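Take a look at the letters that make up each chain.
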Amino acid sequence: MKVRNRTRPAGLLAGIASVALILAACGDDNGDDASTDTTTEDSGDSAGLLDGQEISVAIFEGWDEGIVASYLMGHVFESEGASVTYDFADVPVVYTGVAEGQFDISFDAWLPSTHEDYWAEHGDSMEDLVVWYDDAPLTIAVNEDAPIESLAELPDNADAFGSRVVGIEPGSGLNRITRDVVFPTYGLEEAGFEFVESSTAGMLGDLQAAIDAGEDVVVTLWRPHWAYAAFPIRDLEDPEGALGDPEEIHAFGRDGFTEDFPEAADLVSNFRLTPEELIGIEDIMVVQNEASNDDEYAASIEEWLDANPDWIDRLKAGEL
């Protein structure tokens, strides 16, 4: 087994040990165009719906909801006898790879706006398999005690935020919308703001560093994301609707996926997660376990399934 290691901002989890208790009470591309694959071998001998099939899953680097969905459905595929390979890559690499048949399936298309460019380019060569999450807004977030409530107030408060809005990976749809829509809508460039393209990990590192230092900070984010439970942050109001309506998250496959893997496609068509389920898995995987490789992701999924033993049965029955 090849193990893929991922790095996180230094000290990212310091001070957030209470996240698990909070959640229990409640119920985006790194610039490296080379993907790295990890394979989880099927350890069972019993035959299943997918016995002997090999399925490759492509995952956007740094997008935790996609990691959750990929390893959760990967676990389901493996439980039915498939051998599953996971490949991490930048967003454009994943879309190109799926469209060209290098990868079988991916679980993190944000539509209709965030990934509209990639979908326009590659959609005719892919299958739209399911909407597994339908309320995923893009956001601009600040520290909880920031002096403003709205994006409309940002231009007059550039000094408070160091004239910086911190984004994620270059080429991400969230960066494009922030730079091309949010900035001109609210006159941020004219007010002296710089849009800093970083990475998801880099953005979270800047967020933590500012909060630790008691400084104001403004970052691009999205919901659902574990950062909202981990950090004292809130969204800025968007009175002009520059960030658009909440997005849908789709699973998509290469052309011919349903024909080649009809049973897997049926399982995917039943796939849904509630906000509580998604954030609950992210809490186990990202916050509690700091998972960074294939075995740790799989172990986190198994931990969540142990606490939710009927989830796979409900998936198979189409009852999610």
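See above for the structure.
1. A short note on the overall build of the protein chain
Turning to step 1, where the next piece is worked out: Check the secondary structure of the protein chain and you find 12 helices and 11 strands.
Turning to step 2, where the next piece is worked out: Counting over 320 residues, the protein chain shows a buried share of 54%.

2. Thoughts on the nonpolar core
Turning to step 1, where the next piece is worked out: Core analysis: the largest hydrophobic core is formed by 102 residues, its most contacted members being Ile55, Met73, Phe77, Phe107, Trp132, Phe271 and Trp311.
Turning to step 2, where the next piece is worked out: Ranked by residues supplied to this core, first place goes to helix H2 (residues 64–79) with eight residues.
Turning to step 3, where the next piece is worked out: Discounting residues that sit within four places of it in the chain, Met73 has contacts with Phe107, Leu267, Val268, Phe271, Trp311 and Leu315.

3. Comments concerning the pattern of salt bridges
Turning to step 1, where the next piece is worked out: As enumerated under the stated definition, the model contains 12 salt bridges in all.
Turning to step 2, where the next piece is worked out: A salt bridge links Arg223 to Asp235, with the nearest nitrogen and oxygen atoms 2.9 Å apart. With Arg223 in the loop between strand S9 (218–222) and helix H7 (227–230) and Asp235 in strand S10 (residues 233–235), this pair connects stretches of sequence that are 12 residues apart.
Turning to step 3, where the next piece is worked out: Note on Arg223: relative accessible area 33%, which makes it partly exposed.
Turning to step 4, where the next piece is worked out: What makes Asp235 partly exposed here is its relative accessible area of 25%.
Turning to step 5, where the next piece is worked out: What emerges from the salt-bridge pattern is a single network uniting Asp104, Arg254 and Asp260.

4. Notes on the pairing of strand S2 (residues 54–60)
Turning to step 1, where the next piece is worked out: A large share of S2 lies buried, amounting to six of its seven residues.
Turning to step 2, where the next piece is worked out: Taken together, the seven bridges between S2 and strand S3 (residues 83–89) define a ladder with parallel strand orientation. Within the sheet, the bridge partner assigned to Ala58 lies in S3 and is Asp87.
Turning to step 3, where the next piece is worked out: Where S2 meets strand S4 (residues 105–111), two bridges bridge the pair, whose relative direction is parallel. When the bridges of S4 are listed, Val57 appears paired with Ile105.

5. A closer look at the pairing of S4
Turning to step 1, where the next piece is worked out: Counting buried positions along S4 yields seven of seven residues, so the element is predominantly enclosed.
Turning to step 2, where the next piece is worked out: Direction of pairing for S4 relative to strand S11 (residues 247–254): antiparallel, over a ladder of five bridges. Bridged to Trp110 within S11 is Ile249.

6. Section: unusual backbone geometry
Turning to step 1, where the next piece is worked out: The step from Leu111 to Pro112 runs through a cis peptide bond, and the omega angle for that step is 15 degrees.
Turning to step 2, where the next piece is worked out: Examined against the element boundaries, Pro112 turns out to sit in the loop between S4 and helix H4 (116–122).
Turning to step 3, where the next piece is worked out: The omega angle of the peptide bond from Arg223 to Pro224 is 5 degrees, so this bond is cis rather than trans.
Turning to step 4, where the next piece is worked out: Along the chain, Pro224 turns up in the loop between S9 and H7.
Turning to step 5, where the next piece is worked out: Of note in this structure, Ser163 is not a glycine but carries a positive phi near 55 degrees.
Turning to step 6, where the next piece is worked out: Of note, Ser163 is situated in the loop between strand S6 (138–143) and strand S7 (164–166).
Turning to step 7, where the next piece is worked out: Its identity is not glycine, yet Glu290 carries a phi of approximately 45 degrees, on the positive side.
Turning to step 8, where the next piece is worked out: For Glu290, a relative accessible area of 45% translates into the label partly exposed.

7. So, the packing of aromatic side chains
Each aromatic ring pair is summarised here by two numbers: the centre-to-centre distance and the angle between the ring planes.
Turning to step 1, where the next piece is worked out: Taken as a whole, this structure holds 19 aromatic pairs when the rule is applied.
Turning to step 2, where the next piece is worked out: Aromatic pair Tyr95 and Phe252: ring centres 4.9 Å apart, planes at 10 degrees, arrangement stacked. Taken together, the residues span a long stretch of sequence, with Tyr95 in helix H3 (residues 91–99) and Phe252 in strand S11 at a distance of 157 residues.
Turning to step 3, where the next piece is worked out: Ring geometry for Trp119 against Phe252: centres 5.8 Å apart, planes inclined by 85 degrees, an arrangement best described as edge-to-face. You can see Trp119 sitting in helix H4 and its partner Phe252 sitting in strand S11, a full 133 residues away along the chain.
Turning to step 4, where the next piece is worked out: A relative accessible area of 0% places Phe252 in the buried class.

Procedures and definitions
Residues numbered from 1 in each chain as written. Predicted model: local features only at pLDDT ≥ 70, side-chain atom pairs only at ≥ 80, totals over all residues. Heavy atoms only, no water. Helix = DSSP H or I, 4+ residues; strand = E, 2+ residues; numbered from the N terminus. Buried < 20%, exposed > 50% of the residue type's maximum accessible area, 1.4 Å probe, protein only. Core = buried A, V, L, I, M, F, W, Y, C linked by side-chain atoms within 4.5 Å. Contact = heavy atoms within 4.5 Å. Salt bridge = Lys/Arg side-chain N within 4 Å of Asp/Glu carboxyl O. Pairing = 2+ DSSP bridges. Phe/Tyr/Trp six-rings, centres within 6.5 Å; stacked < 30°, edge-to-face > 60°.

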